Amino acid sequence: MPLDAICLSALKDELSGQITGAKIDKVQQPERDVIILAMRGVSGSHKLLISAGSNDARVHLTGHQFENPSSPPMFCMLLRKHLVSARIQRIAQPLVERILEIELQSPDAMGVFSEKRLILEFIGRSSNIILTDSDGIIIDCLRRLGGEENKRMVLPGLKYRRPPEQEGKINPFELTPDVWRTLFNSADDVPADNWLLTQFSALSPLICRELSFRAYGEIDFRLNLAQDEGEALRREFFALIEQSKAGRFEPCVISDQDNTPKDFSFTRITQYEGALSVIGEPGFSAMLDSFYTRKAQTARVKQRASSTVKTIKNARDRLSRKLAMQHEELKKTADRDSFRECGDILTANFHLMEKGVSILKALDFYAEDADTVREISIDPLKTPQQNAAKYYKAYTKAKTAEKYLTEQIAAGERELEYLESVLEEISLAEGERDLDEIRGELIETGYLKAQKQGKRKMSESKPMLFESSTGVQILAGRNNMQNDKLTLKAAVKTDTWLHTQKIHGSHVIIAGVEPDETTLYEAAVIAAYYSSARQGGKVPVDYTQVRHVKKPPGGRPGMVIYTEFRTIIATPDEELVRRLRKG
C-alpha cells in the first residue's frame, strides 16, 4: 500500500524523537531511487533510508547493510557536498499531505552554517527527493520534472512549490458532525469504502475498507439511506480520527499463508478474519523495514531457490509414482497363498491330469465345504509335475516380492518424507546462506551435483536464538543438517528437545535448565511455527530430554527417533516468535 498521510504523520512523530539533533556523517545511494543517510545523535547511530520508488516510496530507520555502486551518482555527490556534517533541526509534514520536510543546518566550505531543506514527496510515480536552500530555491532533485505535460516544474534554480492538493476532498481532521451528516445524505446506493475514499483525503483504500468492515461487518457494504442513517460508520470514522489525533497507533504488517508481506497499516486490521495474519510491530520504522525488507527478501529467496525447488519436486514426483506402482505390485502378492494351494491340489491329483486337458477339476481340500470343486488352469504341453512346479514358483516369487516390496516401500516413504522436509526448509529459508546450506545438504545426499570447480566452502550459520519471557535460552535449527548438529552434538543430554508430532519442522532445544511452563509453551510455539503446520491451528508438539533422542541407522539428515516423551498443544504465533527471537 502507499504510505498514507496518517501513517506518515505517525512516522514523522517517531522519527522526530529519534534523529532530531543528529549529525549526518555519510550519504549513500545504493540504488537509483534510494538514499541512505548515516548519522549520529544523542540516541546513538542510525541509518535513515529514503526511497522515492514508484512502488516502495518510504522513509524509515534501517539496520540493513547496503552495497555502494563502484562510482556514486551525481545526485549522491551533491547531497554529500551539502548534507555531510549537517544537523537535523526539525521534521515537518504539511497537513494531510504525503510529504515530509527535513530542516537542516548545513556548513559550507568556510564552516558557515545555513539552512537547507530535504523535501520527501511520497506520491506514487511522482515520488521525489528535493534539496532546497533557505529561500526555497531548488538546489537539485532526484527526479526532475519539467515541460508542457507537467502542471508543476521541479528543476534546479526554480522556487519549490508543493504538489497541487486533491480537489473536492475534505480534510478528515477538520470534519464536524454537521458536515458529516450533510455529506452522508448524498451517499445513497454506493459502497461505503468507495464513498469514504472519494470524500476524504489522507485515507487509503485499506483503511476505507476497514472502516466499512468495522461498521457493517462487510468490506463492500452498500449504503442505503432508507435503511441506514450512517451512525455505525460515523462512529467508527470519528473513533479512528480521534485515535490518530491522540497518537494511539498500532503499526502492523499483514502477511499471507506463505509469510509474504502483503500490506501494512497504522491501526489493527480486522477485515481479513484470519485469512491473512496481522502482526504488530514495535514502531513504524520497524514496520516499514520489516515489510519492505521481508518482501524483497521473500521474492529474492523464491527466485534463487526456484531451480532447487524444481529439482526436488521432480525427484519427489518420480518417487511418488514409483511408490504407487510398488503398492499396486504389493497388492497382487496378497493372493500368493492361492498359488501354493493350486500346487498342492495338482500334486495330490496327478492321476486325474489327462493329456491335452487345460482345466483340472478337483476337490478343494482347503475350502471349508469338503464338496467344493476348484478349477485350476494347467498347460497341456507340460507334465503334471511341471504344472505344479509353476504354481509353487509363482508362490515363492510372490512371497519374495512381498518381502522386498515392503522394504522398498518403507525406504521410499522415508525418502519421500525427507524430500518433503527439504521443500519445507526451502520455504522457511531466510536468505542466501540458508539456501547454500540446504544445497550443501542436497549435494551430500546426491540430489544435486557439486559445482565443477569443486565444492564451495560455505560459512555455517548458527541456530536461531530465542529468549523466553522468563529469560531462558531456546535454540531452533534452520535446516536438517543443523537439526542433527544441534540435537546430536551441541545439546546436553539433560536439555529439553521439542518437535512437532509427525510433522516436518525444526528441532528446538531448551538449554541448560528444567523449563518452567511459560518457557515450555513458548518453545512449543516456536517448534509449531517453524514447521509445515505454521498456518494451522492447534499443533501437537512432543518434548523429551535429549538423552531419549537417537539417530536411526541409515537415517537421512534431520530424521530421529525418540522415546519417553510427552505432548503439549501449541498454536503458531508469528508475533510471539518474532518478539522472542534474538538472533
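For the structure itself, consult the block above.
Residues numbered from 1 in each chain as written. Predicted model: local features only at pLDDT ≥ 70, side-chain atom pairs only at ≥ 80, totals over all residues. Heavy atoms only, no water.

All right, on to the pattern of salt bridges then. Where side chains of opposite charge bring their charged atoms close, a pairing between them can arise. Summed over all chains, the structure comprises 28 salt bridges. Here Arg181 makes a salt bridge to Asp178, at a shortest N to O gap of 2.3 Å. Of this pair, Arg181 and Asp178 both sit in helix α3 (residues 177–184), three residues apart, which is roughly one turn of the helix. The salt bridge partner of Asp337 is Arg340, with a shortest N-O separation of 4.0 Å. Within this pair, Asp337 and its partner Arg340 are both found in helix α8 (residues 336–348), separated by three residues, close to a single helical turn. (Salt bridge = Lys/Arg side-chain N within 4 Å of Asp/Glu carboxyl O. Helix = DSSP H or I, 4+ residues; strand = E, 2+ residues; numbered from the N terminus.)

With that out of the way, let us pick up the environment of Ala52. Secondary-structure assignment places Ala52 in the loop between β3 (44–51) and β4 (58–61). With 91 residues separating them in the primary sequence, Ala52 and Arg143 have C-alpha atoms 8.9 Å apart. Contacts of Ala52, omitting those with residues within four sequence positions, involve Asp33, Ala57, Ser127, Asn128, Ile129, Leu142 and Arg143. (Contact = heavy atoms within 4.5 Å.)

Counting across every chain of the model gives zero disulfides. You can see Cys208 has no disulfide; the closest cysteine sulfur is in Cys7, sitting 14 Å from it. Between Cys252, a free cysteine, and Cys7, which holds the nearest cysteine sulfur, the sulfur-to-sulfur gap is 9.1 Å. Using a relative accessible area of 0% as the deciding quantity, one classes Cys252 as buried. (Disulfide = S-S within 2.5 Å. Buried < 20%, exposed > 50% of the residue type's maximum accessible area, 1.4 Å probe, protein only.)

This brings us to empty space enclosed by the protein. One pass over the full model with this rule turns up one cavity of 30 Å³ or more. Estimated volume of the largest cavity: approximately 60 Å³. Tallied by class, residues from the lining of the largest cavity come to four nonpolar, two polar and four charged. (1 Å grid on protein atoms, 1.4 Å probe; cavity = no way out; pocket = protein on both sides within 12 Å on 5 of 7 lines; lining within 4 Å. Points joined across faces, edges and corners; volume = space filled by probe spheres on them. Nonpolar A, V, L, I, M, F, W, Y, C, P; charged D, E, K, R; others polar.)

What follows concerns the sheet that holds strand β10 (residues 252–255). Here three strands make up an open sheet; going across it, the order is β11-β10-β12 and the pairing antiparallel. Edge positions in the open sheet fall to β11 (261–265) and β12 (277–280), since each of these has one partner strand only. Pairwise comparison of adjacent strand axes, ignoring direction, gives a mean angle of 25° for this sheet. When β10 meets β11, the two strands line up antiparallel, connected through four bridges. Opposite Ser255, over in β11, you have Pro261 as the bridge partner. (Pairing = 2+ DSSP bridges. Axes fitted to C-alpha atoms, helices over the stretch in contact; angles between N-to-C directions.)

A surface patch of like charges, here positive, comprises Lys382, Lys390, Lys393 and Lys397. Mapped onto the elements, Lys393 comes out in helix α9 (residues 384–428). (Patch = residues over 30% accessible without salt bridge, like charges linked within 9 Å, V, L, I, M, F, W, Y side chains within 5 Å. Areas by Shrake-Rupley, 256 points an atom, 1.4 Å probe, with all protein chains shown as cover. Lys, Arg positive; Asp, Glu negative; His and termini not counted. Charge placed at Lys NZ, Arg CZ, Asp CG, Glu CD.)

Here we take up the sheet that holds strand β17 (residues 496–500). One open sheet holds the six strands; their spatial order is β15-β16-β18-β17-β19-β22, and the pairing between them is antiparallel. Of all strands in the sheet, those bounded by a partner on one side alone are β15 (464–467) and β22 (566–570). The mean inter-strand angle of the sheet, taken between neighbouring strand axes irrespective of direction, is 25°. Here β15 pairs with strand β16 (residues 473–476) via four bridges, running antiparallel. Its bridge partner being in β16, Leu465 is matched across the sheet by Leu475. Of the strands in this sheet, β15, β16, β17 and β18 (508–510) are in contact with helix α11 (residues 480–490), which crosses β16 at around 140°. Each of β15, β16, β17, β18, β19 (539–545) and β22 touches helix α12 (residues 517–529); the most contacted strand, β22, lies at about 75° to it.

Another point: the packing of aromatic side chains. Tallying each qualifying case throughout the model produces 21 aromatic pairs. Taking the centre distance of 6.1 Å and the plane angle of 55° together, the rings of Phe466 and Tyr530 count as tilted. Of this pair, Phe466 sits in strand β15 while Tyr530 sits in the loop between α12 and β19, and the two are 64 residues apart along the sequence. Phe466 sits in the buried class, given a relative accessible area of 1%. An aromatic cluster is defined as three or more aromatic residues linked by ring pairs; in this entry it consists of Trp180, Phe184, Trp195, Phe200, Phe237 and Phe238. The ring of Tyr395 is capped by Arg340, whose NZ or CZ atom sits 5.7 Å from the centre of that ring. (Phe/Tyr/Trp six-rings, centres within 6.5 Å; stacked < 30°, edge-to-face > 60°. Lys NZ or Arg CZ within 6 Å of the ring centre and 35° of its normal.)

Okay, the layout of surface pockets next. Counted as a void, the second largest pocket has a volume near 630 Å³. Looking at the second largest pocket, it is lined by 34 residues, and the ones nearest its centre are Glu417, His499, Gly558, Met559 and Val560. Among the residues making up the lining of the second largest pocket, the classes are represented as twelve nonpolar, 14 polar and eight charged.

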